[in-house]
Amino acid sequence: MRWIVLAVAMVWGASAAAQERRPSHCIALADAAPGIEYLHKANWQDPVPDYSVRLSYIAHASFLLQTPGGITAVTDFTGFIGSAPLIPDVVTMNHAHETHWTAHPDPAIPHVLPGWGPFGEGVEHHLDLGEMLIRNVSTDIRSSFAGVEEKGNSIFVFEVEGLCIGHLGHLHHVPTEAQFAALGRLDVVMAAVDGGTTMPLPDMIKVLKRLKSSIIIPMHWFSTYSLGAFTVGIQDEFPVQRDGVSEIEVSLRTLPDRPTVVVLEPQYLIEQE
């Protein structure tokens, strides 16, 4: 009888551990774990390896994040991610331009997180899905109505598998000290590098050098020219890797041992046989 009780306890413990989120070090400002190869070719329909997160670049500022437990989240959701019949568990949006949000998200999406609130008031999100925690840090954006819309943009942070993954959204200014502190340590950051509609490239590069994220993924680039201007401007300090893939799988164990720019190629999601 004692052995049966022990076996049940072991199974219950394993099941509970599988559903818990690995603690992240966002606010602890811990150093990034040294790693080896971290870039793997994968398909968004493949199972995500244990202790890893898959990031797929969809288009513009939209990324798909996937966890081993099957949670899916799409950033700066516009209502279209491709022909694949995927209903994400979570979508985040920003409203600086219509290419970062939709007024009519599919009602089947369980969690829709706008990055703004009433004009100038902002919004606060703290969505705990067990395996993934999603929170935001508000920043200001330019506004055609009043010059500046305070707290009109959100930097969304996804804490999953011990990693802190940040999406800067339509960032228009260098964050304040308080905003940097609220972000904490970001292992992976997705940053707009257009150099114009968001913020000048020297300012964005200044932000990225301050964050020192292990992996920097450029987004919001409209041409190879703007992407090239960014990579040239940052390669003196951070190496640049471009392997022609649209997806990467990242884990704490396999983060690079120095900040690295990883260029992903945008690709809408399609269902493959």
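Residues numbered from 1 in each chain as written. Predicted model: local features only at pLDDT ≥ 70, side-chain atom pairs only at ≥ 80, totals over all residues. Heavy atoms only, no water.

Chemist: Could you give an account of the pairing of strand E8 (residues 147-160), naming the residues involved and the relevant values?
Modeler: Of all 14 residues in E8, 10 are buried, a share of seventy percent or more. One ladder, built from 11 bridges, connects strand E7 (residues 132-143) with E8; its direction is antiparallel. Looking at the pairing, valine 137 lines up with isoleucine 155 of E8. Adjacent in sequence and paired antiparallel, E8 and strand E9 (residues 163-167) are bridged by two residues, among which glutamate 161 carries a positive phi angle near 50 degrees. (Buried < 20%, exposed > 50% of the residue type's maximum accessible area, 1.4 Å probe, protein only. Helix = DSSP H or I, 4+ residues; strand = E, 2+ residues; numbered from the N terminus. Pairing = 2+ DSSP bridges.)

Chemist: Just give me the short version of the packing of aromatic side chains, but keep the residues and values in it.
Modeler: The tally for this structure, following the rule as stated, stands at two aromatic pairs. With a centroid separation of 4.5 Å and 10 degrees between ring planes, the pair formed by tyrosine 57 and phenylalanine 63 is classed as stacked. Taken individually, tyrosine 57 and phenylalanine 63 each receive the classification buried, so the pair is uniform in this respect. The ring of phenylalanine 180 is capped by arginine 210, whose NZ or CZ atom sits 4.2 Å from the centre of that ring. (Phe/Tyr/Trp six-rings, centres within 6.5 Å; stacked < 30°, edge-to-face > 60°. Lys NZ or Arg CZ within 6 Å of the ring centre and 35° of its normal.)

Chemist: Pulling in residues and values, what's your account of the nonpolar core?
Modeler: Among soluble globular proteins, nonpolar side chains are generally buried collectively. Ranked by size, the top nonpolar core spans 59 residues in total, and within it Leu55, Ile165, Leu208, Ile217 and Phe230 carry the most contacts. Of the residues forming this core, the biggest block, six residues, is contributed by helix H3 (residues 201-211). In this view, isoleucine 217 contacts Leu55, Phe63, Val188, Val189, Met190, Ala191, Ile248, Val262 and Leu264; residues no more than four positions away in its chain are not counted. (Core = buried A, V, L, I, M, F, W, Y, C linked by side-chain atoms within 4.5 Å. Contact = heavy atoms within 4.5 Å.)

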